[in-house]
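Descriptive analysis of the structure
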Amino acid sequence: MTRWLVVTLMAPLASFGERAGNVERPTADRPTRSALIGLAGAALGIHRADHEGQRRLAASFRVATATLRAGSLVSDFHTYQSLPSSSRPPPQTRAEALSRRTDLVTSITRREYRADVWHEAAYALQEGAHWKLEDLSEAFRAPRFTLSLGRKSCPLSAPLDPKIIESDDLVELFQRRADSAWLDSSKSVLARRHWRHRRGPIAAERREDLGTANRRTRQHRRHDEPGDRLSWQFSARREFVLPGIEEEET
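Note that this is a predicted model, so its numbers are computed, not measured.

1. Here we look at the environment of Glu-127
Topologically, Glu-127 is positioned in the loop between strand 5 (105-125) and helix 4 (133-141). Sequence separation between Glu-127 and Ser-60 is 67 residues, and the spatial gap between their C-alpha atoms is 7.2 Å.

In structure tokens form, the structure reads like this:
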């Protein structure tokens, strides 16, 4: 029987970028592996510059998610100024660059977010893991660093309420989580209703984690395996997705 650590991820804004870029940064509709591993790293107090710590972290856990509310898509933008690459001589300091006001070029970058999201995330240990699930559970209750959902501008809006649950079927696992929701009575009813009638997709790294029942799954290729956190390098991986209830009905 597989032991999973399940947490609730609710936020007014979230962003799960799979494709890096400066001009446009879109967001996925459910958490990426890099976002979930980053969340665990922040809770455990592992710095981005700690390459060995980040490597061990990524190798220690496999993850899964259930979407209760994907949220609505929101776009934002900001402007920035820079000198053209042909500017000579190149500035040596920021102050020098800003002094060349007539040479500055103004550009726009766009960012996508998901508003009012609700996901359940689960962590299981990989062979040779450097932490126990109990270590991560305690870290989620008292995180070393501030936790956010994808970006620093996306703080969580509810406690993670970590719980360790044993199950070899993620559908059953998240169902049990919904039935024992930490939320107040009205929201607990809402959680169960979302699960039974409006549940979104369940995503896993291994097909067998989705149970042995005859369920229709899709296989996706996601570019969200964390590599170098400082230089924002990520690699591709496979993900198995069980469609949501509404998708099955359409």
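2. Here we look at the packing of aromatic side chains
In the structure shown here, the tally under the stated rule is 3 aromatic pairs. Here Phe-61 and Tyr-123 contribute two aromatic rings whose centre-to-centre distance is 6.1 Å and whose plane-to-plane angle is 85 degrees, an arrangement assigned as edge-to-face. Of this pair, Phe-61 sits in strand 3 (residues 61-69) while Tyr-123 sits in strand 5, and the two are 62 residues apart along the sequence. Overall, the relative accessible area of 0% leaves Phe-61 in the buried class. Taken together, Phe-61, Tyr-123, Trp-131 and Phe-140 form an aromatic cluster joined through their ring pairs. It is Arg-151 that lies over the ring of Tyr-113; its NZ or CZ is 4.9 Å from the centre.

3. Some thoughts on the environment of Pro-226
Structurally, Pro-226 can be placed in strand 8 (residues 218-226). The exposure class of Pro-226 is buried, given its relative accessible area of 14%. The spacing of Pro-226 and Arg-33 is 193 residues in sequence and 7.6 Å in space, taken between C-alpha atoms. Excluding its chain neighbours within four sequence positions, the residues that come into contact with Pro-226 are Arg-33, Ser-34, Ile-37, Ala-58, Gln-233 and Phe-234.

4. Here's the deal with helix 2 (residues 51-60)
Restricting attention to buried positions, one finds in helix 2 the residues Gly-53, Gln-54, Leu-57, Ala-58 and Ser-60. Seen along its axis, helix 2 keeps its buried residues to an arc of 160 degrees; they face one direction.

5. Topic: the side chain of Thr-67
Along the chain, the position of Thr-67 falls in strand 3. In this structure, Thr-67 is in contact with Asp-29, Arg-30, Trp-118, His-119, Arg-199, Gly-200 and Pro-201, ignoring residues within four places of it in sequence.

6. Observations regarding the pattern of salt bridges
Per the counting criterion, the structure on display carries 17 salt bridges. Close ionic contact of Glu-239 with Arg-30 constitutes a salt bridge, the shortest N to O distance being 2.6 Å. Pair noted here: Glu-239 is in strand 9 (residues 234-242) and Arg-30 is in the loop between strand 2 (24-25) and helix 1 (33-44), with a separation of 209 residues, a long-range link. Just as Glu-239 is buried, Arg-30 falls in that class too. Arg-33 is paired through a salt bridge with Glu-225; the nearest N and O atoms lie 2.9 Å apart. Of the two residues, Arg-33 sits in helix 1 while Glu-225 sits in strand 8, which places them 192 residues apart along the sequence. A residue is classified by how much of its surface remains accessible, and Arg-33, at 3% relative accessible area, is buried. Taken together, the salt bridges that share partners define one network made up of Asp-29, Arg-30, Arg-222, Asp-224, Arg-237 and Glu-239.

Cut-offs used in this document
Residues numbered from 1 in each chain as written. Predicted model: local features only at pLDDT ≥ 70, side-chain atom pairs only at ≥ 80, totals over all residues. Heavy atoms only, no water. Helix = DSSP H or I, 4+ residues; strand = E, 2+ residues; numbered from the N terminus. Phe/Tyr/Trp six-rings, centres within 6.5 Å; stacked < 30°, edge-to-face > 60°. Buried < 20%, exposed > 50% of the residue type's maximum accessible area, 1.4 Å probe, protein only. Lys NZ or Arg CZ within 6 Å of the ring centre and 35° of its normal. Contact = heavy atoms within 4.5 Å. Arc of directions from axis to C-beta. Salt bridge = Lys/Arg side-chain N within 4 Å of Asp/Glu carboxyl O.

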